[in-house]
Amino acid sequence: PNLPPLIFHWIPVFGSALQYGTDPIQFFSKCREKHGNVFTFILFGRRMTVALGAKGNHFVTGGKLAEVSAEAAYTDLTTPVFGKDVVFDVPNHVLMEQKRFVKFGLSVENFRAYVGLIEKEVRDYLATDPSFSAYRSTKREEWGSFDVLKSLQELTIFTASRTLQGEEVRSSLNKSFAGLYNDLDGGFTPLNLLFPNLPLPSNRRRDQAQKAMSEFYIRILAERKSTNASHDMLSALATQSYKDGTPLTDQQIAHIMIALLMAGQHTSSATASWALLHLAHRPDVAQALFDEQTKYFSSPDGSLRPITYDELRELPLLDSIIRETLRLHPPIHSIMRKVVKNMTVPGSLTSPSRDINYVIPKGDFILSSPALSQIDPTIWKDSLTWDPYRWSDPEGVASQASKSYDDATGEKIDYGFGIISKGTESPYQPFGAGRHRCIGEQFAYLQLGVILVTMVRHLEMKLDGPFPSTNFHTLIPMPGSPRVISYKRRAP
Ligand code: HEM
(Lines give C-alpha, C1' and ligand atoms only; values in the text may rest on other atoms or scores of the structure.)
Protein backbone atom coordinates (compact mmCIF):
# COMPACT_ATOMS: atom_id res chain seq x y z
CA PRO A 1 0.00 0.00 0.00
CA ASN A 2 0.93 3.64 -0.35
CA LEU A 3 2.13 4.67 3.08
CA PRO A 4 2.50 8.39 3.82
CA PRO A 5 6.09 9.74 3.56
CA LEU A 6 8.21 8.82 6.58
CA ILE A 7 10.22 11.57 8.27
CA PHE A 8 13.91 10.82 8.15
CA HIS A 9 15.50 9.98 11.48
CA TRP A 10 18.91 8.76 12.57
CA ILE A 11 18.05 6.63 15.57
CA PRO A 12 15.65 3.74 15.06
CA VAL A 13 12.79 3.47 17.59
CA PHE A 14 13.62 6.86 19.17
CA GLY A 15 12.77 8.41 15.82
CA SER A 16 11.86 12.12 15.83
CA ALA A 17 11.11 12.24 19.56
CA LEU A 18 13.59 15.04 20.19
CA GLN A 19 12.28 17.39 17.49
CA TYR A 20 8.65 16.66 18.32
CA GLY A 21 9.23 17.02 22.05
CA THR A 22 11.23 20.23 21.81
CA ASP A 23 8.95 22.18 19.50
CA PRO A 24 6.15 20.29 17.78
CA ILE A 25 4.99 23.39 15.91
CA GLN A 26 8.35 24.00 14.30
CA PHE A 27 8.81 20.29 13.63
CA PHE A 28 5.43 19.98 11.89
CA SER A 29 6.00 23.17 9.88
CA LYS A 30 9.31 21.88 8.56
CA CYS A 31 7.88 18.48 7.70
CA ARG A 32 4.97 20.13 5.91
CA GLU A 33 7.31 22.18 3.71
CA LYS A 34 8.89 19.01 2.46
CA HIS A 35 6.06 16.49 2.48
CA GLY A 36 2.75 18.33 2.46
CA ASN A 37 0.01 17.98 5.03
CA VAL A 38 0.28 14.26 5.67
CA PHE A 39 3.39 12.44 6.85
CA THR A 40 4.49 9.84 9.39
CA PHE A 41 7.11 10.17 12.08
CA ILE A 42 8.45 7.67 14.57
CA LEU A 43 8.01 8.34 18.27
CA PHE A 44 9.57 5.69 20.47
CA GLY A 45 8.62 2.94 18.07
CA ARG A 46 5.13 4.24 17.44
CA ARG A 47 4.19 5.33 13.94
CA MET A 48 2.48 8.72 14.21
CA THR A 49 0.76 9.97 11.08
CA VAL A 50 0.18 13.69 11.16
CA ALA A 51 -2.71 15.28 9.24
CA LEU A 52 -2.41 19.05 9.12
CA GLY A 53 -4.76 21.84 8.08
CA ALA A 54 -8.49 22.17 8.60
CA LYS A 55 -9.04 18.97 6.62
CA GLY A 56 -6.48 17.19 8.77
CA ASN A 57 -8.38 18.36 11.85
CA HIS A 58 -11.51 16.83 10.36
CA PHE A 59 -9.72 13.60 9.48
CA VAL A 60 -8.77 13.08 13.14
CA THR A 61 -11.60 14.60 15.19
CA GLY A 62 -14.25 13.45 12.71
CA GLY A 63 -12.81 9.91 12.58
CA LYS A 64 -15.36 7.10 12.70
CA LEU A 65 -15.60 4.91 15.80
CA ALA A 66 -14.95 1.82 13.67
CA GLU A 67 -11.64 3.31 12.50
CA VAL A 68 -10.14 5.31 15.34
CA SER A 69 -9.99 5.08 19.11
CA ALA A 70 -9.18 7.87 21.54
CA GLU A 71 -9.13 5.54 24.53
CA ALA A 72 -6.43 3.36 22.96
CA ALA A 73 -4.32 6.50 22.43
CA TYR A 74 -4.76 8.03 25.89
CA THR A 75 -5.56 5.34 28.45
CA ASP A 76 -1.93 4.64 29.40
CA LEU A 77 -1.56 8.26 30.45
CA THR A 78 -4.94 8.90 32.00
CA THR A 79 -6.10 5.69 33.68
CA PRO A 80 -3.33 5.51 36.31
CA VAL A 81 -4.07 9.16 37.17
CA PHE A 82 -7.88 9.26 37.02
CA GLY A 83 -8.49 5.69 38.18
CA LYS A 84 -10.47 2.79 36.74
CA ASP A 85 -13.89 2.70 35.08
CA VAL A 86 -13.98 6.27 33.82
CA VAL A 87 -13.12 8.33 30.71
CA PHE A 88 -10.61 6.30 28.64
CA ASP A 89 -10.82 3.15 30.75
CA VAL A 90 -14.34 2.49 29.44
CA PRO A 91 -15.80 1.87 25.97
CA ASN A 92 -16.70 5.00 24.03
CA HIS A 93 -20.44 4.77 24.64
CA VAL A 94 -19.83 4.77 28.40
CA LEU A 95 -17.59 7.85 28.09
CA MET A 96 -20.40 9.56 26.20
CA GLU A 97 -22.78 8.84 29.08
CA GLN A 98 -20.22 10.08 31.60
CA LYS A 99 -19.81 13.31 29.63
CA ARG A 100 -23.57 13.74 29.80
CA PHE A 101 -23.45 13.38 33.61
CA VAL A 102 -20.76 16.03 33.84
CA LYS A 103 -22.70 18.37 31.56
CA PHE A 104 -25.57 18.10 34.00
CA GLY A 105 -23.28 19.59 36.68
CA LEU A 106 -22.09 22.35 34.35
CA SER A 107 -25.46 24.09 34.42
CA VAL A 108 -26.12 27.80 34.00
CA GLU A 109 -27.68 27.78 37.44
CA ASN A 110 -24.42 26.53 38.95
CA PHE A 111 -22.38 28.97 36.85
CA ARG A 112 -24.40 31.89 38.20
CA ALA A 113 -23.35 30.86 41.69
CA TYR A 114 -19.70 30.54 40.68
CA VAL A 115 -18.96 34.08 39.49
CA GLY A 116 -19.01 35.64 42.94
CA LEU A 117 -17.06 32.73 44.44
CA ILE A 118 -14.28 33.05 41.87
CA GLU A 119 -14.10 36.80 42.25
CA LYS A 120 -13.77 36.43 46.00
CA GLU A 121 -10.99 33.87 45.67
CA VAL A 122 -9.02 36.27 43.48
CA ARG A 123 -9.56 39.19 45.85
CA ASP A 124 -8.52 37.04 48.83
CA TYR A 125 -5.42 35.97 46.94
CA LEU A 126 -4.44 39.57 46.24
CA ALA A 127 -5.10 40.36 49.88
CA THR A 128 -2.90 37.59 51.28
CA ASP A 129 -0.35 36.19 48.82
CA PRO A 130 3.23 37.32 49.55
CA SER A 131 3.85 38.27 45.89
CA PHE A 132 1.10 40.88 46.11
CA SER A 133 2.44 42.83 49.07
CA ALA A 134 2.93 45.89 46.85
CA TYR A 135 -0.78 45.76 46.01
CA ARG A 136 -1.54 46.03 49.70
CA SER A 137 1.03 48.74 50.33
CA THR A 138 -0.28 52.12 51.36
CA LYS A 139 2.21 53.85 49.06
CA ARG A 140 0.47 54.73 45.83
CA GLU A 141 3.15 54.15 43.22
CA GLU A 142 4.70 50.97 44.58
CA TRP A 143 5.53 48.31 41.98
CA GLY A 144 5.77 44.63 42.80
CA SER A 145 6.10 41.52 40.69
CA PHE A 146 4.76 37.98 40.50
CA ASP A 147 5.63 34.75 38.70
CA VAL A 148 2.59 34.54 36.47
CA LEU A 149 2.54 30.75 36.09
CA LYS A 150 2.93 30.07 39.79
CA SER A 151 0.20 32.54 40.75
CA LEU A 152 -2.21 31.41 38.07
CA GLN A 153 -1.69 27.75 38.92
CA GLU A 154 -2.66 28.58 42.50
CA LEU A 155 -5.60 30.75 41.47
CA THR A 156 -6.85 28.08 39.06
CA ILE A 157 -6.89 25.30 41.61
CA PHE A 158 -8.35 27.58 44.31
CA THR A 159 -11.16 28.76 42.05
CA ALA A 160 -11.91 25.36 40.48
CA SER A 161 -12.04 23.73 43.88
CA ARG A 162 -14.17 26.48 45.40
CA THR A 163 -16.72 26.00 42.61
CA LEU A 164 -16.81 22.70 40.71
CA GLN A 165 -14.90 20.57 43.16
CA GLY A 166 -16.68 21.81 46.26
CA GLU A 167 -16.18 23.29 49.68
CA GLU A 168 -14.41 20.28 51.18
CA VAL A 169 -11.77 20.15 48.45
CA ARG A 170 -11.18 23.89 48.76
CA SER A 171 -10.66 23.75 52.50
CA SER A 172 -8.34 20.73 52.25
CA LEU A 173 -6.13 22.48 49.71
CA ASN A 174 -4.14 24.13 52.43
CA LYS A 175 -3.44 20.72 53.87
CA SER A 176 -3.21 17.15 52.59
CA PHE A 177 -4.91 17.64 49.25
CA ALA A 178 -2.21 19.90 47.81
CA GLY A 179 0.45 17.23 48.33
CA LEU A 180 -1.74 14.55 46.79
CA TYR A 181 -2.46 16.78 43.85
CA ASN A 182 1.25 17.35 43.25
CA ASP A 183 2.04 13.65 43.40
CA LEU A 184 -0.78 12.86 41.01
CA ASP A 185 0.30 15.61 38.67
CA GLY A 186 3.78 14.06 38.63
CA GLY A 187 2.20 11.21 36.66
CA PHE A 188 0.75 13.52 34.04
CA THR A 189 3.77 13.92 31.79
CA PRO A 190 4.66 13.25 28.14
CA LEU A 191 6.84 10.37 29.34
CA ASN A 192 3.79 8.73 30.90
CA LEU A 193 1.92 8.93 27.61
CA LEU A 194 4.61 6.73 26.06
CA PHE A 195 5.74 4.60 29.01
CA PRO A 196 3.02 4.46 31.65
CA ASN A 197 4.55 2.14 34.16
CA LEU A 198 8.27 2.58 34.40
CA PRO A 199 9.42 1.67 37.92
CA LEU A 200 10.01 5.30 38.89
CA PRO A 201 9.45 6.84 42.32
CA SER A 202 7.17 9.40 40.62
CA ASN A 203 4.92 6.61 39.34
CA ARG A 204 4.79 5.00 42.76
CA ARG A 205 3.76 8.32 44.26
CA ARG A 206 1.21 8.79 41.47
CA ASP A 207 -0.41 5.43 42.27
CA GLN A 208 -0.52 6.13 46.01
CA ALA A 209 -1.94 9.59 45.45
CA GLN A 210 -4.61 8.27 43.08
CA LYS A 211 -5.78 5.85 45.75
CA ALA A 212 -5.71 8.41 48.54
CA MET A 213 -7.50 11.03 46.50
CA SER A 214 -10.17 8.60 45.40
CA GLU A 215 -10.77 7.68 49.07
CA PHE A 216 -10.92 11.36 49.93
CA TYR A 217 -13.82 11.98 47.52
CA ILE A 218 -15.59 8.80 48.62
CA ARG A 219 -15.38 10.00 52.22
CA ILE A 220 -16.89 13.36 51.27
CA LEU A 221 -19.73 11.58 49.47
CA ALA A 222 -20.44 9.50 52.57
CA GLU A 223 -20.38 12.55 54.83
CA ARG A 224 -22.67 14.44 52.48
CA LYS A 225 -25.37 11.78 52.35
CA SER A 226 -27.00 13.44 55.35
CA THR A 227 -26.59 17.08 54.30
CA ASN A 228 -28.10 19.24 51.59
CA ALA A 229 -26.78 19.25 48.03
CA SER A 230 -24.53 22.10 46.93
CA HIS A 231 -24.02 23.73 43.56
CA ASP A 232 -21.03 21.56 42.76
CA MET A 233 -20.13 18.61 40.57
CA LEU A 234 -20.07 16.05 43.37
CA SER A 235 -23.71 16.75 44.14
CA ALA A 236 -24.62 16.69 40.47
CA LEU A 237 -22.90 13.36 39.79
CA ALA A 238 -24.47 11.74 42.83
CA THR A 239 -27.89 12.10 41.16
CA GLN A 240 -26.93 10.50 37.83
CA SER A 241 -27.47 6.99 36.46
CA TYR A 242 -26.62 5.17 33.24
CA LYS A 243 -29.31 4.50 30.65
CA ASP A 244 -29.76 0.95 31.95
CA GLY A 245 -30.65 2.37 35.34
CA THR A 246 -27.40 1.67 37.24
CA PRO A 247 -26.27 4.68 39.24
CA LEU A 248 -22.67 5.83 39.21
CA THR A 249 -20.73 4.17 42.01
CA ASP A 250 -19.01 6.36 44.58
CA GLN A 251 -15.70 5.21 43.17
CA GLN A 252 -16.67 6.21 39.61
CA ILE A 253 -17.80 9.60 40.92
CA ALA A 254 -14.46 10.00 42.69
CA HIS A 255 -12.54 9.10 39.54
CA ILE A 256 -14.59 11.49 37.39
CA MET A 257 -13.85 14.25 39.91
CA ILE A 258 -10.12 13.55 39.59
CA ALA A 259 -10.43 13.55 35.79
CA LEU A 260 -12.14 16.95 35.84
CA LEU A 261 -9.58 18.37 38.22
CA MET A 262 -6.74 17.30 35.94
CA ALA A 263 -8.54 18.27 32.70
CA GLY A 264 -9.12 21.81 33.87
CA GLN A 265 -6.00 22.61 35.82
CA HIS A 266 -3.13 22.97 33.36
CA THR A 267 -5.34 23.96 30.44
CA SER A 268 -6.86 26.89 32.31
CA SER A 269 -3.77 27.97 34.25
CA ALA A 270 -1.62 28.01 31.11
CA THR A 271 -4.27 29.99 29.21
CA ALA A 272 -4.71 32.50 32.03
CA SER A 273 -0.93 32.92 32.27
CA TRP A 274 -0.56 33.56 28.54
CA ALA A 275 -3.47 36.00 28.56
CA LEU A 276 -2.02 38.00 31.44
CA LEU A 277 1.41 38.02 29.82
CA HIS A 278 -0.12 39.45 26.64
CA LEU A 279 -2.07 42.03 28.63
CA ALA A 280 1.10 43.05 30.47
CA HIS A 281 2.87 43.26 27.13
CA ARG A 282 0.05 45.35 25.61
CA PRO A 283 -1.03 47.87 28.29
CA ASP A 284 -3.29 49.52 25.66
CA VAL A 285 -5.38 46.34 25.45
CA ALA A 286 -5.37 45.99 29.25
CA GLN A 287 -6.63 49.57 29.48
CA ALA A 288 -9.35 48.83 26.92
CA LEU A 289 -10.36 45.79 28.96
CA PHE A 290 -10.57 47.97 32.07
CA ASP A 291 -12.62 50.52 30.09
CA GLU A 292 -14.99 47.73 29.08
CA GLN A 293 -15.47 47.01 32.77
CA THR A 294 -16.16 50.69 33.46
CA LYS A 295 -18.63 50.84 30.59
CA TYR A 296 -20.70 47.90 31.81
CA PHE A 297 -20.25 47.91 35.58
CA SER A 298 -19.86 51.49 36.84
CA SER A 299 -22.09 52.24 39.75
CA PRO A 300 -23.20 55.80 40.62
CA ASP A 301 -20.48 56.25 43.25
CA GLY A 302 -17.82 55.53 40.62
CA SER A 303 -16.87 52.07 41.91
CA LEU A 304 -17.29 48.90 39.85
CA ARG A 305 -20.12 46.65 40.91
CA PRO A 306 -19.76 42.86 40.91
CA ILE A 307 -20.12 40.96 37.62
CA THR A 308 -22.93 38.52 37.01
CA TYR A 309 -22.69 35.42 34.82
CA ASP A 310 -25.22 36.69 32.29
CA GLU A 311 -23.29 39.94 31.85
CA LEU A 312 -19.95 38.18 31.69
CA ARG A 313 -21.03 36.36 28.56
CA GLU A 314 -21.72 39.62 26.77
CA LEU A 315 -18.33 41.31 27.09
CA PRO A 316 -16.88 41.43 23.58
CA LEU A 317 -13.30 42.39 24.38
CA LEU A 318 -12.91 39.94 27.26
CA ASP A 319 -14.27 37.21 25.03
CA SER A 320 -11.89 38.14 22.19
CA ILE A 321 -8.91 38.18 24.54
CA ILE A 322 -9.58 34.62 25.69
CA ARG A 323 -10.37 33.46 22.14
CA GLU A 324 -7.20 35.01 20.76
CA THR A 325 -5.02 33.63 23.54
CA LEU A 326 -6.34 30.14 22.82
CA ARG A 327 -5.61 30.67 19.12
CA LEU A 328 -1.90 31.29 19.70
CA HIS A 329 -1.47 29.07 22.76
CA PRO A 330 -3.88 26.14 22.56
CA PRO A 331 -3.07 24.01 25.61
CA ILE A 332 -3.56 20.77 23.67
CA HIS A 333 -1.27 20.94 20.66
CA SER A 334 -1.67 17.35 19.51
CA ILE A 335 -4.95 15.47 19.26
CA MET A 336 -4.30 11.74 18.93
CA ARG A 337 -6.20 8.60 18.01
CA LYS A 338 -5.10 5.01 17.52
CA VAL A 339 -6.09 3.50 14.18
CA VAL A 340 -8.12 0.34 14.78
CA LYS A 341 -8.94 -0.44 11.14
CA ASN A 342 -6.89 0.47 8.05
CA MET A 343 -7.76 3.99 6.92
CA THR A 344 -7.44 5.74 3.59
CA VAL A 345 -6.36 9.37 3.45
CA PRO A 346 -7.98 11.14 0.52
CA GLY A 347 -5.40 12.71 -1.78
CA SER A 348 -7.07 16.09 -1.50
CA LEU A 349 -6.13 16.25 2.15
CA THR A 350 -2.43 16.10 1.42
CA SER A 351 -2.17 18.69 -1.33
CA PRO A 352 -3.59 18.97 -4.83
CA SER A 353 -0.34 18.00 -6.50
CA ARG A 354 0.02 14.79 -4.55
CA ASP A 355 -3.20 13.13 -5.43
CA ILE A 356 -2.34 9.80 -3.84
CA ASN A 357 -4.64 7.94 -1.51
CA TYR A 358 -2.35 7.01 1.34
CA VAL A 359 -3.20 4.08 3.55
CA ILE A 360 -2.70 4.28 7.30
CA PRO A 361 -2.42 0.77 8.70
CA LYS A 362 -4.18 -0.45 11.80
CA GLY A 363 -1.94 0.03 14.84
CA ASP A 364 -0.61 3.42 13.72
CA PHE A 365 -1.62 6.62 15.45
CA ILE A 366 -3.08 9.67 13.74
CA LEU A 367 -2.51 13.15 15.04
CA SER A 368 -3.96 16.55 14.21
CA SER A 369 -2.57 19.82 15.44
CA PRO A 370 -5.04 22.70 15.63
CA ALA A 371 -2.09 24.71 16.95
CA LEU A 372 -0.89 24.84 13.32
CA SER A 373 -4.16 25.60 11.56
CA GLN A 374 -4.72 28.34 14.12
CA ILE A 375 -1.63 30.18 12.90
CA ASP A 376 -1.96 29.36 9.21
CA PRO A 377 -1.06 32.59 7.37
CA THR A 378 -3.46 31.78 4.55
CA ILE A 379 -6.31 32.00 7.03
CA TRP A 380 -5.22 34.50 9.66
CA LYS A 381 -4.01 38.00 8.96
CA ASP A 382 -0.69 38.61 10.77
CA SER A 383 -1.15 35.10 12.00
CA LEU A 384 1.54 35.18 14.68
CA THR A 385 0.45 38.47 16.23
CA TRP A 386 -1.72 38.42 19.32
CA ASP A 387 -4.53 40.72 18.26
CA PRO A 388 -7.83 40.28 20.10
CA TYR A 389 -9.45 42.88 17.84
CA ARG A 390 -9.26 40.48 14.89
CA TRP A 391 -12.33 38.74 16.30
CA SER A 392 -14.47 41.82 15.76
CA ASP A 393 -12.91 42.57 12.38
CA PRO A 394 -14.09 40.42 9.46
CA GLU A 395 -10.75 41.06 7.76
CA GLY A 396 -8.81 39.83 10.75
CA VAL A 397 -9.79 36.22 10.49
CA ALA A 398 -9.37 35.63 6.79
CA SER A 399 -6.18 37.27 5.61
CA GLN A 400 -6.41 39.71 2.72
CA ALA A 401 -4.17 37.37 0.82
CA SER A 402 -6.16 34.36 1.85
CA LYS A 403 -7.48 31.93 -0.64
CA SER A 404 -11.22 32.04 -1.00
CA TYR A 405 -11.27 28.80 -2.93
CA ASP A 406 -9.98 25.45 -1.87
CA ASP A 407 -7.03 24.35 -4.05
CA ALA A 408 -8.13 20.78 -4.11
CA THR A 409 -11.86 20.92 -4.61
CA GLY A 410 -12.34 24.36 -6.08
CA GLU A 411 -15.10 24.95 -3.57
CA LYS A 412 -15.57 28.34 -2.00
CA ILE A 413 -14.21 28.52 1.52
CA ASP A 414 -16.25 30.42 4.05
CA TYR A 415 -13.84 31.76 6.59
CA GLY A 416 -16.50 33.99 8.08
CA PHE A 417 -17.38 33.46 11.67
CA GLY A 418 -19.52 30.52 10.64
CA ILE A 419 -16.60 28.23 10.12
CA ILE A 420 -14.72 29.40 13.18
CA SER A 421 -17.15 27.40 15.21
CA LYS A 422 -17.50 23.93 16.50
CA GLY A 423 -17.28 21.85 13.35
CA THR A 424 -14.66 19.16 12.89
CA GLU A 425 -13.42 21.02 9.79
CA SER A 426 -12.81 24.30 11.54
CA PRO A 427 -9.24 25.60 11.50
CA TYR A 428 -9.93 26.94 15.01
CA GLN A 429 -10.22 24.08 17.49
CA PRO A 430 -8.70 24.85 20.88
CA PHE A 431 -11.41 22.67 22.46
CA GLY A 432 -11.25 19.94 19.84
CA ALA A 433 -14.31 18.88 17.84
CA GLY A 434 -16.55 15.92 17.22
CA ARG A 435 -17.48 13.26 19.73
CA HIS A 436 -14.47 13.93 21.98
CA ARG A 437 -14.96 17.68 22.05
CA CYS A 438 -14.32 19.39 25.36
CA ILE A 439 -17.26 19.85 27.70
CA GLY A 440 -15.37 22.28 29.93
CA GLU A 441 -15.36 25.23 27.51
CA GLN A 442 -18.08 27.28 29.23
CA PHE A 443 -16.59 26.66 32.64
CA ALA A 444 -13.13 27.59 31.35
CA TYR A 445 -14.44 30.86 29.84
CA LEU A 446 -16.18 31.65 33.11
CA GLN A 447 -13.16 30.89 35.26
CA LEU A 448 -10.69 32.64 32.95
CA GLY A 449 -12.99 35.62 32.45
CA VAL A 450 -13.55 36.30 36.13
CA ILE A 451 -9.88 35.81 37.00
CA LEU A 452 -8.71 38.13 34.22
CA VAL A 453 -11.15 40.98 34.85
CA THR A 454 -10.66 40.84 38.60
CA MET A 455 -6.90 41.11 38.12
CA VAL A 456 -7.35 43.97 35.65
CA ARG A 457 -9.79 45.78 37.93
CA HIS A 458 -7.18 45.82 40.69
CA LEU A 459 -3.82 45.94 38.96
CA GLU A 460 -1.90 47.77 36.28
CA MET A 461 0.65 45.44 34.75
CA LYS A 462 3.74 45.62 32.59
CA LEU A 463 6.40 43.31 31.29
CA ASP A 464 9.93 44.43 32.06
CA GLY A 465 11.73 41.64 30.25
CA PRO A 466 11.09 40.06 26.84
CA PHE A 467 7.93 38.08 26.14
CA PRO A 468 8.60 34.51 27.34
CA SER A 469 9.09 31.68 24.89
CA THR A 470 7.09 28.46 25.00
CA ASN A 471 8.27 25.45 26.97
CA PHE A 472 6.95 22.32 25.24
CA HIS A 473 8.50 19.81 27.60
CA THR A 474 5.42 19.70 29.78
CA LEU A 475 2.31 17.93 28.55
CA ILE A 476 0.70 21.33 28.09
CA PRO A 477 2.92 24.09 26.71
CA MET A 478 3.74 26.70 29.35
CA PRO A 479 5.46 30.07 29.29
CA GLY A 480 9.17 29.52 29.91
CA SER A 481 11.19 31.46 32.50
CA PRO A 482 11.44 34.31 33.20
CA ARG A 483 7.72 34.92 33.23
CA VAL A 484 7.53 37.73 35.71
CA ILE A 485 4.87 40.44 35.50
CA SER A 486 5.37 43.79 37.23
CA TYR A 487 2.28 45.37 38.74
CA LYS A 488 1.03 48.20 40.84
CA ARG A 489 -2.34 48.83 42.38
CA ARG A 490 -4.68 50.48 39.90
CA ALA A 491 -5.40 54.03 40.96
CA PRO A 492 -8.98 54.34 42.17
C1 HEM B 1 -11.68 17.29 25.85
C2 HEM B 1 -9.19 21.46 25.55
C3 HEM B 1 -10.81 22.76 29.96
C4 HEM B 1 -12.98 18.46 30.41
C5 HEM B 1 -10.87 18.31 25.39
C6 HEM B 1 -10.23 18.32 24.08
C7 HEM B 1 -9.54 19.49 24.01
C8 HEM B 1 -9.72 20.22 25.26
C9 HEM B 1 -8.69 19.97 22.84
C10 HEM B 1 -10.34 17.26 23.01
C11 HEM B 1 -9.24 16.23 23.09
C12 HEM B 1 -9.29 15.19 21.99
O13 HEM B 1 -10.15 15.24 21.09
O14 HEM B 1 -8.43 14.30 21.98
C15 HEM B 1 -9.45 22.18 26.72
C16 HEM B 1 -9.00 23.54 26.94
C17 HEM B 1 -9.46 23.91 28.20
C18 HEM B 1 -10.19 22.77 28.73
C19 HEM B 1 -8.19 24.38 25.98
C20 HEM B 1 -9.31 25.20 28.96
C21 HEM B 1 -8.86 26.34 28.49
C22 HEM B 1 -11.54 21.72 30.45
C23 HEM B 1 -12.24 21.74 31.72
C24 HEM B 1 -12.84 20.52 31.85
C25 HEM B 1 -12.53 19.74 30.65
C26 HEM B 1 -12.29 22.92 32.68
C27 HEM B 1 -13.71 19.99 32.95
C28 HEM B 1 -14.46 20.71 33.73
C29 HEM B 1 -12.83 17.79 29.21
C30 HEM B 1 -13.45 16.51 28.92
C31 HEM B 1 -13.09 16.18 27.59
C32 HEM B 1 -12.24 17.26 27.10
C33 HEM B 1 -14.32 15.68 29.87
C34 HEM B 1 -13.61 15.00 26.79
C35 HEM B 1 -12.65 13.91 26.50
C36 HEM B 1 -13.21 13.00 25.43
O37 HEM B 1 -14.40 12.99 25.11
O38 HEM B 1 -12.42 12.23 24.91
N39 HEM B 1 -10.54 19.46 26.08
N40 HEM B 1 -10.15 21.75 27.81
N41 HEM B 1 -11.73 20.50 29.83
N42 HEM B 1 -12.12 18.21 28.10
FE43 HEM B 1 -11.22 20.01 27.93
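The residue count restarts for each chain, going from 1 along the sequence in the order it is written. In view of the model being predicted, local features appear only for residues whose pLDDT reaches at least 70, and side-chain atom pairs are presented and counted only at 80 or more, with totals across whole chains, interfaces and linings using the full set of residues. Side-chain metrics rest on all non-hydrogen atoms present in the structure, leaving aside hydrogens and water.

1. Observations regarding a nonpolar patch on the surface
And step 1. Together, L191, F195, L198 and L200 make up a nonpolar patch on the protein surface, roughly 280 Å² of accessible area in all.
And step 2. Helix numbering and strand numbering both begin at the N terminus, where a helix is a DSSP run of H or I of at least 4 residues and a strand a DSSP run of E of at least 2. Residue position: L191 is located in helix α11 (residues 190–194). Exposure above 30% relative accessible area and no salt bridge define the residues that can form patches, which grow by joining like charges within 9 Å and nonpolar side chains of Val, Leu, Ile, Met, Phe, Trp and Tyr within 5 Å. Accessible surface is estimated by sampling points in the Shrake-Rupley manner with a 1.4 Å probe; for residues, cover comes only from the protein chains shown. Just to be clear on terms, a salt bridge is a Lys or Arg side-chain nitrogen sitting within 4 Å of an Asp or Glu carboxyl oxygen.

2. Things to note about the coordination of the iron atom of the ligand
And step 1. There is one protein donor for the iron atom of the ligand, and it is C438 (SG), at 2.3 Å.
And step 2. Within the fold, C438 resides in the loop between α20 (394–397) and α21 (441–458). A donor here means an N, O or S atom no more than 2.8 Å from the metal, or no more than 3.2 Å when the metal is Na, K or Ca. Since water is not included, a site may seem to lack partners.

3. A few points about the nonpolar core
And step 1. Counting residues in hydrophobic clusters, the biggest one holds 142 residues, and the most contacted among them are F28, F41, Y217, L276, L446 and M455.
And step 2. With 16 residues, the top contributor of residues to this core is helix α14 (residues 250–281).
And step 3. Any two residues having at least one pair of non-hydrogen atoms within 4.5 Å are treated as being in contact. If near-sequence neighbours (up to four positions away) are discounted, L276 is found in contact with F146, V148, L152, L452, M455, M461 and I485. By nonpolar core we mean a set of buried residues, namely Ala, Val, Leu, Ile, Met, Phe, Trp, Tyr and Cys, connected to one another through side-chain atoms within 4.5 Å. Only protein chains enter the accessibility calculation, which uses a 1.4 Å probe. A residue is then buried if its area is under 20% of the maximum for its type, exposed if over 50%, and partly exposed in between.

4. Section: the sheet that holds strand β8 (residues 365–368)
And step 1. Here, strands pair whenever DSSP counts at least two bridges between them. Strand order in the open sheet formed by 5 strands is β1-β2-β8-β5-β3, and the pairing between neighbours is mixed. Unpaired on one side and paired on the other, β1 (38–43) and β3 (68–69) mark the two borders of the sheet.
And step 2. The pairing of strand β5 (residues 335–339) with β8 spans 4 bridges and is antiparallel. When the bridges of β8 are listed, M336 appears paired with L367.
And step 3. To obtain an axis, a line is fitted to C-alpha atoms, over the contacting stretch when the element is a helix, and the angle between two such axes runs from 0 to 180 degrees between their N-to-C directions. Strands in contact with helix α2 (residues 24–35) are β1, β2 (46–51) and β8; relative to β1, the strand with the most contacts, it is inclined by about 130°.
And step 4. Contacts between helix α4 (residues 71–82) and the sheet are confined to β2, β3, β5 and β8, with β5 contributing the most and set at about 115° to the helix.

5. Description of the pairing of strand β12 (residues 484–489)
And step 1. Relative to β12, strand β4 (residues 143–147) runs antiparallel, the two being bridged by 5 bridges. Counterpart to D147 in the pairing with β12 is V484.
And step 2. Taken together, the 4 bridges between strand β9 (residues 459–462) and β12 define a ladder with antiparallel strand orientation. Bridge pairing in β12 places K462 opposite S486.

6. Here's the deal with the site of the ligand
And step 1. Neighbouring residues of the ligand: 23 residues in total, closest Y74, K99, R337, H436 and C438.
And step 2. Note that an oxygen atom of the ligand is positioned 2.7 Å from one of the side-chain N or O atoms of Y74.
And step 3. Measuring from an oxygen atom of the ligand, one finds a side-chain N or O atom of H436 at 2.5 Å.
And step 4. If you list the elements that add at least two residues to the shell around the ligand, you get α5 (92–105), α14, β5 and α21. By convention in these notes, a residue is near a molecule or strand provided one of its non-hydrogen atoms lies within 4 Å of it. Here a polar contact means two N or O atoms within 3.5 Å. Within protein one must be a hydrogen donor candidate and the other an acceptor candidate, and residues neighboring in sequence count only if both atoms are side-chain atoms.

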